Amino acid sequence: MSGLPVVGRYVARSWSTGSGGSGPGGAGRHGSPGPRQPPRSSPLRFPAFFRKRLEIAQRGGGRVGSTGPGDSEGGMAVTEEAFKDPKDPPSYLKDPLRESCSTDPIKDFQDVPSPYDEPEIRDVGGREPRYLDLFDPGVSVVRDPKLDQPPATPPKSRARTALAACLASLASTRIIVCCSVVLVVLVVVIVALASTSGHAFPPDPRIQPPFVTTVTTCGLVQGLVEDGAFVFRGVPYAAPPVGERRFRRSEPHTKLEDCWSGTYMANVTRPCWGYDSQGGVVEGSEDCLLLDVFTPQLGYDTPLPVVVVVGGASLGGDTQRPWLLSNAAALVQHRRVVLVSPQLRRGPFGFFPHPALAASTYPHTAGNQGASDLLAALAWARHNVEHFGGDPAQVTLLGHRAGAALAWPLLSSPSGRDLVHGAWLAGAAPHHPTRSWRDADPVLVGALNCSSVSCLETMPARHVMEAPPVEWRRPGRRAWLVADGVMVSFLPGSPQVPLVLGSTVQVAAESLLSWRGRLGTSRTLLLDAIAEGLGLLPPAAVAQEESTAGPGQPALVMGRGGGGWPPPLTPRTEAEMQEAAVAGAAAAEAALERYSEVATDPWLLLTTLVSDATTTCPALAAAASLARTFVHSRRVPDAAAPVYAYLSRHARTSRLGTLADGTVDLEALFGLLPRRTAADTRFAHTLQELFFRFVADSVLERYEATPAHLGVYLVGEKLVLQRSRAVCDHWANASHLAGRY
């Protein structure tokens, strides 16, 4: 390599090795190196093509490597890319940019010696010579194959590269995770600030605890915030039935003078007049067409299902209503429903079919004022419940005992079938009134001793309530409801809405409570209790009727509890009464023999037998008949609706004993059942799930409706489907024994 001047990384134009070619100043091919000679001057100028390559070489446009000790002497390895321009064609054959030195460019080109005329120079190492030096033919340029191989990386460099790549990937993943965490934290902070800041979401101006205000079709009403729910007590839904409106059908608010100005304070309610379980008068107010609303929200965007509840042991009075609504605020929050509980006129104020009243109205009819109250309350719910967060297109009527007896004929009439979208009727047999207002009991009509409307309208309220006999005041003794031809049709019909009919196993226990302490083991007393509970003629009543009715005079057959119901088609003589008494005793004996296998305890046997005959079996039979109609007409749109039946068999301990009494199902639905055991808790949960599923979807099954003719749902700690109730076969033709309210 000595004697080879290099400018930067590029080969100079001199050559000093013995292997160089013969040129000016050289010693020959194999001679010793001679003294350095200055470059030979040429009178010719380099063409522009070669000048361009020379400038590239002088500025460092190629790479030069030297040969090793075993290589050719003084040889140089110069990369081919240093002088190769792939974009340019082999212009050394004919360069259009070459400047001519004479008048004949072809002659000038021929005078230039070509570097390729030099003899081949062989390298000592056997490498193929490459004549790539376009500037000096005396320089032998040979390409080193090692330059084509990638440089070897030391082990430390490879490990360092792998570690750097790993750290880079971890850094990118860490950045992504950190960004995600920061984004989540920002969202949480924004939501927290929005929920606590009054500027982001301004409060509802209707809610100013402890007061809450909303609107109705008759004006603003103000309620209270109780336990997180909104409670409105005593909201008027019809005009006050006082003065000329006494004993008249209720009138909804259609006139401006019937409404109020300003805001109505719906914080308290006024109870109606009524009777207690012993027939005593419960003082109230005539202006009592009010209702209570319990709702968990007031918004319009997500309306909730609506439940309208009507109960009572009799149509003569409802003393359990305040207790029933004591847990309503917590219930609506837990189950997300709107609860509406209207007050109805009861007793003589609600059901008084006087001929003088019928003569002063058109169409000529009387009675069932309480039925018109329920229709007015349902109409109010349709027009106003949306302002209380409810859905007017999803209203379910919950009727219990007297409420169920009142709702059944109303759902069958054109005036009531379009006001609800489902009904749950429990504790009463579906029964349509067989007596019209014209055939009302003369004892009730003549009790007030009034023959004119003005006398009826001015009589003191307490005198009106005390006028009927005590037998009329007690629950389950008389049927207050009659057929009037307007609200309750003369002909029976079938509801056209989804329906659930149900009862408890010992629903009649409360009406037979007087027999519990004196039954003992006497078979005679048990037969008397059965005859009284079923409304059959007891033997003692025959002597009483003989003493009150003169010889040859007709007398009415004593019915439920000796009260004259069911009414006879024709008056009967003393001989016919004796025959009825014998038939009643035989029927009681047959029933006792049938139920001896069901229960051995006399009290449990009595309550189960009377409950089956008066409530349970008639309800199951009606549900099965309607369900068969639904199955046969389900292909016809709007022809029928699904019907279900249930029977609550959970026994709880109370003053009536350890049995499934008539209110255990209602207490479970409203969260009032004392949960003394785990069985009480499971029963309440099962029945609530069943009820509120029906309220939300109008079906009891989530995926496929199961009509009642396929069986009855036995509700206990679990829900069991029973195909049939064998004991009801004994009461197949005893529909006349169904209880009246």
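Asks: Is there a simple way to think about the environment of Leu-527 in this case?
Replies: With respect to the helices and strands, Leu-527 occurs in helix 14 (residues 523-534). In this structure, the C-alpha to C-alpha distance between Leu-527 and Leu-606, residues 79 residues apart in sequence, is 9.1 Å. With residues up to four places along the chain from it excluded, the contact list for Leu-527 reads Ala-588, Glu-589 and Leu-592.

Asks: Help me understand the environment of Cys-728, please; the structure alone is not making it clear to me.
Replies: Inspection of the secondary structure assignment puts Cys-728 in the segment after strand 22 (719-722). Exposure remark for Cys-728: the relative accessible area of 14% places this residue in the buried category. In the structure, Cys-728 is positioned 119 residues away from Leu-609 in sequence and 9.9 Å away in space, judged by C-alpha atoms. When near neighbours in sequence (up to four residues on either side) are disregarded, Cys-728 contacts Cys-617 and Leu-620.

Asks: Quick question: what am I supposed to make of the pairing of strand 12 (residues 290-295) here?
Replies: Each regular strand carries side chains that alternate between the two faces of the sheet. The element strand 12 is extensively covered by neighbouring structure, given that six of its six residues are classed as buried. Going residue by residue along strand 12, you find Leu-290, Asp-292 and Phe-294 tucked away on one face and Leu-291, Val-293 and Thr-295 tucked away on the opposite face as well. Sheet topology places strand 8 (residues 229-236) next to strand 12; five bridges connect them, and they run antiparallel. The residue of strand 12 that forms the bridge with Val-231 is Phe-294. Of the strand pairs in this sheet, strand 12 and strand 14 (residues 338-342) are connected by four bridges, and their pairing is antiparallel. Bridge assignment links Asp-292 to a residue of strand 14, and that residue is Ser-341.

Asks: When you look at the state of the cysteines in this model, what are you seeing that I'm missing?
Replies: Two cysteines whose sulfur atoms are joined by a covalent bond form what is called a disulfide. Taken as a whole and assessed by the stated rule, the structure comprises four disulfides. Sulfur-sulfur distance for the disulfide between Cys-218 and Cys-259 comes to 1.7 Å. Measuring the twist about the S-S bond at about -115°, one finds the Cys-218-Cys-259 disulfide to be left-handed. Pair noted here: Cys-218 is in the loop between strand 6 (211-216) and strand 7 (219-226) and Cys-259 is in the loop between strand 8 and strand 9 (263-265), with a separation of 41 residues, a long-range link. Note on Cys-259: relative accessible area 23%, which makes it partly exposed. With its disulfide-bonded cysteines labelled consecutively along the sequence, the protein is connected as 1-2, 3-4, 5-6, 7-8.

Asks: I tried to follow the packing of aromatic side chains on my own but got confused; where do I start?
Replies: Counted according to the given criterion, the structure contains eleven aromatic pairs. Judged by centre distance (5.0 Å) and plane angle (75°), the rings of Phe-691 and Phe-692 are edge-to-face. Phe-691 gets classed as buried once you look at its relative accessible area, which sits at 3%. Ring pairs connect the aromatic residues Trp-424, Tyr-646, Phe-691, Phe-692 and Phe-694, which therefore count as one cluster.

Asks: What's the story with the side chain of Asp-292 in this structure? I'm lost.
Replies: Turning to its location among the elements, Asp-292 is positioned in strand 12. Exposure remark for Asp-292: the relative accessible area of 3% places this residue in the buried category. Within polar-contact distance, the side chain of Asp-292 engages the backbone nitrogen of Gly-234 at 2.9 Å. One polar contact links Asp-292 to Arg-321, side chain to side chain, over a distance of 3.1 Å. Not counting chain neighbours up to four residues away, the residues in contact with Asp-292 comprise Phe-232, Arg-233, Gly-234, Thr-269, Arg-321, Leu-325, Leu-339, Val-340 and Ser-341.

Asks: Sorry if this is basic, but what is going on with helix 19 (residues 678-697) here?
Replies: Residues lying three or four places apart along an α-helix face the same way, a consequence of the helix completing one turn every 3.6 residues. Compared with the 28 Å implied by 1.5 Å per residue over 20 residues, the 29 Å span of helix 19 between its first and last C-alpha is a close match. One or two steps after helix 19, the chain reaches Ser-698, where phi turns positive at roughly 60°.

Asks: For this particular structure, what's the right way to read the pattern of salt bridges?
Replies: It is possible for side chains bearing opposite charge to pair when their charged atoms get close. Tallied over the entire structure, the rule returns 21 salt bridges. Here Arg-321 ties to Asp-292 by a salt bridge, and the two come within 3.1 Å at their closest N and O atoms. On the criterion of sequence distance, the pair formed by Arg-321 in helix 4 (residues 321-324) and Asp-292 in strand 12 is long-range, its members being 29 residues apart. The salt bridge involving Arg-462 is made with Glu-466; its shortest N-O contact spans 3.5 Å. Of this pair, Arg-462 and Glu-466 both sit in helix 12 (residues 461-466), separated by four residues, roughly a single helical turn. Judged by relative accessible area, Arg-462 falls into the partly exposed class, the value being 35%. When salt bridges that share partners are traced, they join Arg-245, Glu-251 and Asp-258 into one network.

Asks: Help me understand a nonpolar patch on the surface in this model?
Replies: Where nonpolar side chains cluster on the molecular surface, the patch consists of Val-177, Val-181, Val-185, Val-189 and Leu-193 and spans about 410 Å² of accessible area. Here Val-189 falls in the partly exposed class, since its relative accessible area comes to 39%.

Asks: Please clarify how the confidence of the model for the protein should be interpreted in this entry.
Replies: Note that predicted coordinates carrying low pLDDT should not be read in detail. The pLDDT averaged across the protein works out to 77; a share of 69% of its residues lies at or above 70. Here residues 538-571 is modelled with pLDDT under 50, and outside its nearest four sequence neighbours on either side it reaches 50 contacts, counting other chains as well.

Calculation notes
Residues numbered from 1 in each chain as written. Predicted model: local features only at pLDDT ≥ 70, side-chain atom pairs only at ≥ 80, totals over all residues. Heavy atoms only, no water. Helix = DSSP H or I, 4+ residues; strand = E, 2+ residues; numbered from the N terminus. Contact = heavy atoms within 4.5 Å. Buried < 20%, exposed > 50% of the residue type's maximum accessible area, 1.4 Å probe, protein only. Pairing = 2+ DSSP bridges. Disulfide = S-S within 2.5 Å. Phe/Tyr/Trp six-rings, centres within 6.5 Å; stacked < 30°, edge-to-face > 60°. Polar contact = N/O pair within 3.5 Å; in protein donor to acceptor, adjacent residues only side chain to side chain. Expected span 1.5 Å × (residues − 1). Salt bridge = Lys/Arg side-chain N within 4 Å of Asp/Glu carboxyl O. Patch = residues over 30% accessible without salt bridge, like charges linked within 9 Å, V, L, I, M, F, W, Y side chains within 5 Å. Areas by Shrake-Rupley, 256 points an atom, 1.4 Å probe, with all protein chains shown as cover. pLDDT = per-residue confidence, 0-100.

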